[in-house]
Amino acid sequence: KAGVTQTPRYLIKTRGQQVTLSCSPISGHRSVSWYQQTPGQGLQFLFEYFSETQRNKGNFPGRFSGRQFSNSRSEMNVSTLELGDSALYLCASSLARGRGDTQYFGPGTRLTVL
Amino acid sequence: DQQVKQNSPSLSVQEGRISILNCDYTNSMFDYFLWYKKYPAEGPTFLISISSIKDKNEDGRFTVFLNKSAKHLSLHIVPSQPGDSAVYFCAASAISSGSARQLTFGSGTQLTVLP
């Protein structure tokens, strides 16, 4: 079974621009979560989507948004990019089966904001 | 407020010996715990997990121990191999809203296994 895939793997943008990242979950997984990893803050939860609905949201500004499509693929959008948005953005998918739910991660998208 | 803490940023171990990685948590609502391994420029890879109703789970060279009263879990790797060198993240899961679950991660421990 194919793993979680993320595109693109690397992105370079300038301040003020916007960016869209894509995530394809493992087949059969209906939940997709997004995380930001930075050297100083570790892995921080952004939001989770299940059946095309945002179920959960972390403590990030409204510039960070996402959506999920009917095939469970998800996109994350960051508008008005700031230098501090440079990070590795990770997507994880799961079966969303309750307590024993395990999230499986993609390789990430490395975003650099200049 | 860090709800999941990995107090050792790094650990070095000789090949063949035991590696013990530690993790402490503060939120008593956490009921499922996971360990992930991460290489640079890659996403975290799931290693092993444990439910709060158990105190030990074993998978090959990896064993996770959970001490609920101390709010402490540890990952034992025996024997350690050079390929185990990576950053190890501890994560804890709880219901956050409705039926949604959220993973909270520790800051990671860099394990280096010396040949």
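Our subject is the structure listed above.
Sequence positions are assigned chain by chain, starting from 1 and proceeding in written order. Naming scheme: in the order in which they are written, chains are lettered from A and ligands are numbered from 1. pLDDT decides what is reported in this predicted model: residues at 70 or higher carry local features, side-chain atom pairs at 80 or more are listed and counted, and totals for whole chains, interfaces and linings draw on all residues regardless. Each side-chain value is derived from all of the structure's non-hydrogen atoms; neither hydrogens nor water enter the calculation.

1. Topic: the interface of chain A and chain B
- Contacts are assigned to residue pairs with any non-hydrogen atoms lying within 4.5 Å of each other. Across the contact, 20 residues belong to chain A and 22 residues belong to chain B.
- A pair is scored as a salt bridge if a Lys or Arg side-chain nitrogen falls within 4 Å of a carboxyl oxygen belonging to Asp or Glu. Between the two partners, chain A and chain B, sit zero salt bridges.
- Residues adjacent in sequence count toward polar contacts only when both atoms are side-chain atoms; beyond that, a polar contact is any pair of N or O atoms within 3.5 Å, and within protein one must be able to donate a hydrogen and the other to accept it. Here chain A and chain B share five residue pairs in polar contact (both at pLDDT 80 or more) between them.
- For the side of chain A that touches chain B, the elements supplying multiple residues, two or more each, are strand E4 (31-38), strand E5 (42-50), strand E6 (53-57), strand E9 (87-94) and strand E10 (104-105) of chain A.
- Runs of H or I in DSSP of at least four residues are treated as helices and runs of E of at least two as strands, each being numbered from the N terminus. For the side of chain A that touches chain B, the element with the most residues is E5(A), which contributes three residues.
- Class assignment for the residues of the side of chain A that touches chain B results in eight nonpolar, seven polar and five charged. By the convention adopted, Pro, Cys, Tyr, Trp, Phe, Met, Ile, Leu, Val and Ala count as nonpolar, Lys, Arg, Asp and Glu as charged, and the other residues, Gly among them, as polar.

2. Some thoughts on the pairing of E5(A)
Residues and elements named next belong to chain A.
- Throughout, exposure labels follow a simple rule: accessible area from a 1.4 Å probe, protein chains only, divided by the maximum for the residue type, with under 20% read as buried, over 50% as exposed, and the rest as partly exposed. When you tally the buried positions in E5, you get eight out of nine residues, the bulk of the element.
- Strands are treated as partners if at least two bridges between them are detected by DSSP. Pairing analysis gives eight bridges linking E4 to E5, with the strands arranged antiparallel. Within E5, the position partnered with Thr38 by the bridge is Gly42.
- Counting the residues that bridge the hairpin from E4 to E5 gives three residues.
- Pairing between E5 and E6: four bridges, direction antiparallel. Each bridged residue has a counterpart across the sheet, and for Tyr49 the counterpart in E6 is Gln54.
- As consecutive antiparallel partners, E5 and E6 are separated by two residues, and within that stretch Ser51 has a phi angle of approximately 50°, a positive value.

3. Description of the sheet that holds strand E7 (residues 64-68) of chain A
Residue and element names in this part refer to chain A.
- In spatial order, the strands read E1-E3-E8-E7; together these four strands make up an open sheet with antiparallel pairing. Of all strands in the sheet, those with a lone pairing partner are strand E1 (5-7) and E7, marking the two edges. Pairwise comparison of adjacent strand axes, ignoring direction, gives a mean angle of 20° for this sheet.
- Here E7 pairs with strand E8 (residues 74-78) via five bridges, running antiparallel. Bridge assignment links Arg67 to a residue of E8, and that residue is Glu75. In this analysis an axis means a line fitted to C-alpha atoms, helices contributing only their contacting stretch, and an angle means the value between N-to-C directions, from 0 to 180 degrees.

4. Things to note about the environment of A:Phe45
- By the secondary structure assignment, A:Phe45 is in strand E5.
- Residue classification places A:Phe45 among the buried positions, given a relative accessible area of 7%.
- Sequence separation of A:Phe45 and A:Tyr35 is ten residues, and the distance between their C-alpha atoms is 4.6 Å.
- If we ignore the near neighbours within four places in the chain, the residues touching A:Phe45 are A:Ser33, A:Trp34, A:Tyr35, A:Asn56, A:Lys57, A:Gly58, A:Asn59, A:Phe60, B:Gln102 and B:Leu103.

5. Re the sheet that holds strand E6 (residues 56-59) of chain B
All names here are of chain B.
- Strand order in the open sheet formed by five strands is E1-E3-E8-E7-E6, with antiparallel pairing between adjacent strands. Two strands bound the open sheet, and with one partner strand each, they are strand E1 (4-5) and E6.
- As defined by bridge partners, strand E7 (residues 62-67) adjoins strand E8 (residues 72-77) across six bridges and the pair is classed as antiparallel. By the bridge assignment, Phe65 is partnered in E8 with Ser74.

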